[in-house]
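Descriptive analysis of the structure
Now for the letters of each chain:
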Amino acid sequence: MSLVHINILMAFTMSLTGLLMYRSHLMSALLCLEGMVLSLFILATLTILNSHFTLANMMPIILLVFAACEAAIGLALLIMISNTYGTDYVQNLNLLQC
Amino acid sequence: MNPFISIMLLSTLILSTMIVTISSHWLFAWIGLEMNMMAIIPIMMKKPTPRATEASTKYFLTQATASALLMLAIIINLMYSSQWTIMKLFNPTASILMTMALAIKLGLAPFHFWVPEVTQGIPLTTGLILLTWQKLAPISILYQISPSINLHLMVTMSFLSILIGGWGGLNQTQLRKIMAYSSIAHMGWMTTILLYNPSLTMLNLLIYIIMTFTMFTLLAQNSTTTTLLLSQTWNTMPIMTTFTMLTLLSMGGLPPLTGFMPKWMIIQELTKNESLLLPTLMAITALLNLYFYMRLAYSTALTLFPSTNNMKMKWQFYPTKQMTLLPTAIVLSTMLLPLTPMFFILL
């Protein structure tokens, strides 16, 4: 596994850790989600260009389209939460625990 | 909800699962799973209460993480095999990552924390879709990659699911959370046998879907969401108490009822593969599940909770809610055991 691949996988792991361990804002979780998808985009592009797999050149772009849709849904949910509570603190999401 | 939007969302939901099950390209399977998530979130937010918003957010975060992990596993598989066909994976790292991503999507322990909370926050019929239809897509992918799944990881996750599904449901009175923990335990049973005989995973999934559909439809008749409300069904629809009790006992896996069939087949396959401790522990832990089903059946069909005399003399109206497929589902979830040879050969 070359250094470039390790670099991109480290970026993915950093974003994943940020998604799993955010402290108070829901927005940072959404940002880390976008970071993960970005690192996947770069990894896919590198792999496909490196192996001259020309037929798969479209794949990262399609990945980006669906990731953008997902981000839109995430933002819409964030806005719904902001409507109810005024902030996006995750401590507010405690209605369903009992 | 506007009928056009409702049709569009339902058709996207059905189409997305069909895309996942019939695709042979990893990108299409991933796209199908994304569409699945995108279609069900507006369905969960039909009534935009704070609980539904919170449930949708938790569902979205877990499923989006799982999608990104799945895509990473797909790209690592691409790096090591340079092909996109959905078959066994060619790298142990990719296999472990994909198994964990699909476990997050299914709600297997140790990734089960979202299932009770999300099921609690959404209406009963949406909960039905969440616990039955949403399981089809990830299990179809697990079925296709089953030759390359790490045995230790899978057996650990499934046994942990059975334990947590059993113990977690013991302290609940909210019926949707009980159904969520029941779902976790059944997913555990399904994934235990995945590496030995994947057809039995499909059989267990089919029987589980029939039983859960029956249970949710029975609950939706009276819009009961707590045990207390369930204990009042003797008053409004007395025959439902019998059906509820039979369906609950079937879900617990008692012999002359259908729910015994998958458990029996799974234990038989596991013992054929010379693992004796695991099926013993699984069978014993299934008793925990049976205990809280029995508790529900007891409060529904076998005892009357204390109530005022006014409540004992209700007008018995004709039911106005549509009982979609309820008689068929009840018969299927209680009387299918004699047809075991047919299922065993078919699947």
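Nothing here was measured: the structure is a model prediction, and the numbers come from that model. (Residues numbered from 1 in each chain as written. Chains lettered and ligands numbered in written order. Predicted model: local features only at pLDDT ≥ 70, side-chain atom pairs only at ≥ 80, totals over all residues. Heavy atoms only, no water.)

Taking the UniProt record as the reference, the feature "domain: NADH:quinone oxidoreductase/Mrp antiporter transmembrane" (unreviewed entry) is found at residues 23-287 of chain B. A distance of 39 Å separates the end C-alpha atoms of residues 23-287 of chain B, which is 77% helix and 0% strand. (UniProt positions renumbered as here; feature names shortened; annotations may be inferred. Helix = DSSP H or I, 4+ residues; strand = E, 2+ residues; numbered from the N terminus.)

All names here are of chain A. The positions that UniProt labels "transmembrane region" are, in the present scheme, residues 1-21, 29-49 and 61-81. Secondary structure within residues 1-21 divides into 86% helix and 0% strand; the distance between the first and last C-alpha atoms comes to 28 Å. With 100% helix and 0% strand, residues 29-49 has its two end C-alpha atoms placed 30 Å apart.

In this section: a nonpolar patch on the surface. Taken together, the side chains of A:Met1, A:Leu3, A:Ile6, A:Met10, A:Met14, B:Tyr80, B:Met87 and B:Phe90 define a hydrophobic patch exposed on the protein surface, amounting to about 840 Å² of accessible area. Per-element accounting of the nonpolar patch gives the leading share, 4 residues, to helix H1 (residues 3-20) of chain A. Relative to the elements of secondary structure, A:Met1 occurs in the segment before H1. (Patch = residues over 30% accessible without salt bridge, like charges linked within 9 Å, V, L, I, M, F, W, Y side chains within 5 Å. Areas by Shrake-Rupley, 256 points an atom, 1.4 Å probe, with all protein chains shown as cover. Salt bridge = Lys/Arg side-chain N within 4 Å of Asp/Glu carboxyl O.)

This part is about the environment of B:Thr192. Residue and element names in this part refer to chain B. Assignment of secondary structure puts Thr-192 in helix H8 (residues 175-192). Take Thr-192: its relative accessible area is 2%, and that puts it in the buried class. For Thr-192 and Met-211, which are 19 residues apart along the polypeptide, the C-alpha to C-alpha distance reads 20 Å. Sequence-distant contacts of Thr-192, that is, excluding residues within four places in its chain, are made with Ser-158, Ile-162, Leu-270, Leu-278 and Met-282. Within the structure, Thr-192 has its side chain in polar contact with the backbone oxygen of Gly-188 (distance 2.7 Å). (Buried < 20%, exposed > 50% of the residue type's maximum accessible area, 1.4 Å probe, protein only. Contact = heavy atoms within 4.5 Å. Polar contact = N/O pair within 3.5 Å; in protein donor to acceptor, adjacent residues only side chain to side chain.)

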